[in-house]
Amino acid sequence: AQSVAQPEDQVNVAEGNPLTVKCTYSVSGNPYLFWYVQYPNRGLQFLLKYITGDNLVKGSYGFEAEFNKSQTSFHLKKPSALVSDSALYFCAVRDSQGGKLIFGQGTELSVKP
Amino acid sequence: GAVVSQHPSWVICKSGTSVKIECRSLDFQATTMFWYRQFPKQSLMLMATSNEGSKATYEQGVEKDKFLINHASLTLSTLTVTSAHPEDSSFYICSARDWQGGGSGELFFGEGSRLTVL
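My aim in this report is to walk through the structure given alongside it, one point at a time. Each chain carries its own residue numbering, running from 1 in the written order of its sequence. As a convention, the first chain written is A and the first ligand written is 1, with the rest following in written order. Under the rules for a predicted model, residues below a pLDDT of 70 receive no local features and side-chain atom pairs below 80 are neither given nor counted, while totals for whole chains, interfaces and linings still include all residues. To get the side-chain values, take all heavy atoms of the structure and skip hydrogens and water.

Some remarks on the side chain of Thr82(B)
Residues and elements named next belong to chain B.
Here is step 1: A run of H or I in DSSP becomes a helix once it reaches four residues, and a run of E becomes a strand once it reaches two; helices and strands are each numbered from the N terminus. With respect to the helices and strands, the residue threonine 82 is situated in the loop between strand S8 (76-81) and strand S9 (90-97).
Here is step 2: Burial classes: relative accessible area under 20% of the type maximum marks a residue as buried, over 50% as exposed, and values in between as partly exposed (1.4 Å probe, protein chains only). Overall, threonine 82 belongs to the buried group, its relative accessible area being 18%.
Here is step 3: When residues no more than four places from it in sequence are discounted, the contact partners of threonine 82 are Thr17, Ser18, Asp65, Lys66 and Leu68. The contact criterion used is simple: two residues touch if any of their non-hydrogen atoms lie within 4.5 Å.

Here's what the structure looks like:
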């Protein structure tokens, strides 16, 4: 069965510093991987996805993620964090058969001035 | 990106009443929509997959008679919480897939509906 793990419930970063939000996955076949961001009492906003191609994927708001097949990871990164990046981040996986989207437990990112 | 509209954003109802939540894809057709439930500070739990013109597929443990899903058109799916109880209070989020001619099709999400049952 496919699954996603986000090992950190919370990540704290100082504004201007680089940030990383971790995600590992388990899926049969080739994975479709996604990152979403959620602000309080709002729906999810799509950030980026990996389907195939370059392992480094660039997305919205300066975020990027690196697909690492050997480590089954898809960590979200940003070179310089902003206070406005503070939100709940979800990693998700969907198998190549077009199945359901399964979410990780979420990581709360807090960026302090 | 594609827009998914969800209504109402907030709803408060009395225990025992039914509440309907609408999910619309505004600028694309969605043969498949998904309904999620989210508790505070927790992840999204998939409740059911809504398929246009056919019965919804419910996840294990989700009561189909409690959470009625109808997907009558390519742009509208509804979730009705029947005989609501306080434990049904939650944040309900719908999503739809924009296949864009058969591509990978990421999910686009509605803004969510906060249900409070008194």
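Here's the deal with the pattern of salt bridges
Here is step 1: The term salt bridge refers to a pairing of a side-chain nitrogen on Lys or Arg with a carboxyl oxygen on Asp or Glu at a separation within 4 Å. Using the criterion set out here, one finds 6 salt bridges over all chains in the structure.
Here is step 2: With a shortest N-O distance of 3.7 Å, Glu66(A) and Lys77(A) are connected by a salt bridge. Pair noted here: Glu66(A) is in strand S8 (residues 64-68) and Lys77(A) is in strand S9 (residues 73-78), with a separation of 11 residues, a long-range link.
Here is step 3: Taking relative accessible area as the criterion, Glu66(A) reaches 38% and is therefore assigned partly exposed.
Here is step 4: By relative accessible area, which is 29% here, Lys77(A) ends up partly exposed.
Here is step 5: With a shortest N-O distance of 3.5 Å, Arg24(B) and Glu22(B) are connected by a salt bridge.

Examining the environment of Leu118(B)
Residues and elements named next belong to chain B.
Here is step 1: Locating leucine 118 in the fold gives a position in the segment after strand S11 (113-117).
Here is step 2: Sequence separation of leucine 118 and histidine 85 is 33 residues, and the distance between their C-alpha atoms is 7.5 Å.
Here is step 3: If we skip the residues at most four places from it in the chain, leucine 118 touches Ile12, Cys13, Lys14, Ser15 and Pro86.

Concerning the interface of chain A and chain B
Quite often, the size of an interface is put as the accessible area lost when its parts meet.
Here is step 1: Taken together, the contact between chain A and chain B spans 22 residues of the former and 22 residues of the latter.
Here is step 2: In this assembly, chain A packs against chain B so that about 1,700 Å² is buried in total across both faces, 51% of it on carbon and sulfur atoms.
Here is step 3: Counting across the interface, chain A meets chain B through 1 salt bridge.
Here is step 4: A salt bridge links Glu111(B) to Arg42(A); its shortest N-O distance comes to 2.3 Å.
Here is step 5: Side-chain atoms alone can form a polar contact between residues adjacent in sequence; in general such a contact is a pair of N or O atoms within 3.5 Å, and within protein one must be able to donate a hydrogen while the other accepts it. One can count 7 residue pairs in polar contact (both at pLDDT 80 or more) joining chain A with chain B.
Here is step 6: Looking at the side of chain A that touches chain B, the elements with two or more residues in it are strand S5 (31-38), strand S6 (44-50) and strand S10 (87-95) of chain A. In this description, buried area is defined as the sum, over both parts, of the accessible area (probe of 1.4 Å) that is lost when the two are combined.

Regarding the layout of surface pockets
By rolling a water-sized probe across the atoms, one finds the places where empty space is left.
Here is step 1: Volume-wise, the largest pocket comes out at about 410 Å³.
Here is step 2: Cavities and pockets are found on a 1 Å grid laid over the protein atoms alone: a cavity is a set of points where a 1.4 Å probe fits but cannot escape, a pocket is an open set with protein on both sides within 12 Å along at least five of seven lines, and a lining residue has an atom within 4 Å of such a point. Around the largest pocket sit 20 residues that line it, and Met45(B), Leu46(B), Met47(B), Glu59(B) and Val62(B) are the ones nearest its centre.
Here is step 3: Elements with a minimum of two residues in the lining of the largest pocket: strand S11 (102-103) of chain A together with strand S4 (32-38) and strand S5 (44-51) of chain B.
Here is step 4: For the lining of the largest pocket, the element with the most residues is S5(B), which contributes 4 residues.
Here is step 5: Grid points are joined across faces, edges and corners, and a volume is the space filled by probe spheres set on the points. Empty space within the second largest pocket amounts to approximately 320 Å³.
Here is step 6: Lining the second largest pocket are 16 residues; nearest its centre among them are Tyr39(A), Pro40(A), Asn41(A), Leu88(A) and Lys41(B).
Here is step 7: The leading source of residues in the lining of the second largest pocket is strand S12 (residues 107-112) of chain A, at 3 residues.

Everything listed here is a matter of geometry and, on its own, says nothing about what the molecule does.
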